[in-house]
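Spelled out, the chains give:
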Amino acid sequence: MGYHTFDADRADKLEDARQRYRFLSAEELLWALSPDGDETVADLGSGTGFYTDDVAPTVDHVSAVDVQDAMHDYYREKGVPENVDLVTSGVADLPFETGSLDAAFSTMTYHEFADDAALTEIARVLAPGATFVVADWAASGRGTHGPPVDERFSLTEAASALRQHGFDVRFEAERPETFLLVAHTE
């Protein structure tokens, strides 16, 4: 299950605000992160930087992490905010110091990387009390948007996996096609 990677040749589709905000609004993401302005944050699976651009004005620094250089190329052409750096890396091998991030978020990409190695790595790079936000396609969805249903996780599976890796899940919501989790490191 999982590990579907979005085709970089279709990157333009990731910039459709009407479609993207239908499943996760900027306001909802910012509510989940609750930034106070001085955080160092990572967007895990940043793609074209669509949601990175929403978070960047509210924090000190964002690392836009994506496994595909082509996605970073697209973001460069679009224009990268000054407080954002582009990091080409898989989530299981993040190039950050232990405890160096105040928050991390994954928007519609959890299904691409969710395994023990990646979750252990996320827990490693987050500081104590840091926030981890996951919004992803739900296994309970119809599958008319996002990856095929058999490549998705359920809210229960994702929350359980986070708990097994030391996260305190503080908010869970399942919607028609997606779920939202807000967790903190202990």
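Here the structure is shown first, and the text comes after it.
So, a few notes on the structure that sits alongside this text.

What counts and what doesn't
Residues numbered from 1 in each chain as written. Predicted model: local features only at pLDDT ≥ 70, side-chain atom pairs only at ≥ 80, totals over all residues. Heavy atoms only, no water. Helix = DSSP H or I, 4+ residues; strand = E, 2+ residues; numbered from the N terminus. Contact = heavy atoms within 4.5 Å. Core = buried A, V, L, I, M, F, W, Y, C linked by side-chain atoms within 4.5 Å. Buried < 20%, exposed > 50% of the residue type's maximum accessible area, 1.4 Å probe, protein only. Lys, Arg positive; Asp, Glu negative; His and termini not counted. Salt bridge = Lys/Arg side-chain N within 4 Å of Asp/Glu carboxyl O. Polar contact = N/O pair within 3.5 Å; in protein donor to acceptor, adjacent residues only side chain to side chain. Patch = residues over 30% accessible without salt bridge, like charges linked within 9 Å, V, L, I, M, F, W, Y side chains within 5 Å. Areas by Shrake-Rupley, 256 points an atom, 1.4 Å probe, with all protein chains shown as cover. Charge placed at Lys NZ, Arg CZ, Asp CG, Glu CD. Pairing = 2+ DSSP bridges. Axes fitted to C-alpha atoms, helices over the stretch in contact; angles between N-to-C directions.

Here we come to the side chain of aspartate 66. Mapped onto the fold, aspartate 66 is located in strand 2 (residues 61-66). Leave out the neighbours within four places in its chain, and aspartate 66 touches Gly45, Ser46, Gly47, Met71, His72, Val87, Thr88 and Ser89.

Counting residues in each nonpolar core, the largest one holds 32 residues, and the members touching the most others are Leu44, Tyr110, Ile122, Phe132, Leu162 and Leu181. The set of elements that each furnish at least two residues to this core consists of strand 1 (40-44), strand 4 (101-107), helix 5 (110-113), helix 6 (116-125), strand 5 (126-137), helix 7 (155-164), strand 6 (167-174) and strand 7 (178-185). Of the residues forming this core, the biggest block, five residues, is contributed by helix 7. Discounting chain neighbours no more than four positions away, the residues touching leucine 181 are Phe132, Val133, Val134, Leu155, Ala158, Ala159, Leu162, Val169, Phe171 and Glu172.

Let's shift gears to the side chain of aspartate 136. Inspection of the secondary structure assignment puts aspartate 136 in strand 5. Among buried Asp, Glu, Lys and Arg side chains, aspartate 136 stands out as unpaired, with arginine 152 the closest opposite charge at 7.3 Å. A distance of 2.8 Å separates the side chain of aspartate 136 from the backbone nitrogen of histidine 111, its partner in a polar contact. Beyond its immediate sequence surroundings of up to four residues, aspartate 136 is in contact with Met108, Thr109, Tyr110, His111, Glu177, Thr178 and Phe179.

A word on a negative patch on the surface. On the surface, a cluster of negative charge is made up of Asp36, Asp38, Asp60 and Asp102. Position of aspartate 102 relative to the elements: it lies in strand 4.

We now examine the sheet that holds strand 2. Strand order in the open sheet formed by seven strands is 3-2-1-4-5-7-6, and the pairing between neighbours is mixed. Lying at the two open borders of the sheet, with one neighbouring strand each, are strand 3 (84-88) and strand 6. Across this sheet, the average inter-strand angle for adjacent strands is 15°, counted without regard to direction. Sheet strands in contact with helix 6 are strand 1, strand 4, strand 5 and strand 6, and its direction is about 140° off that of strand 5.

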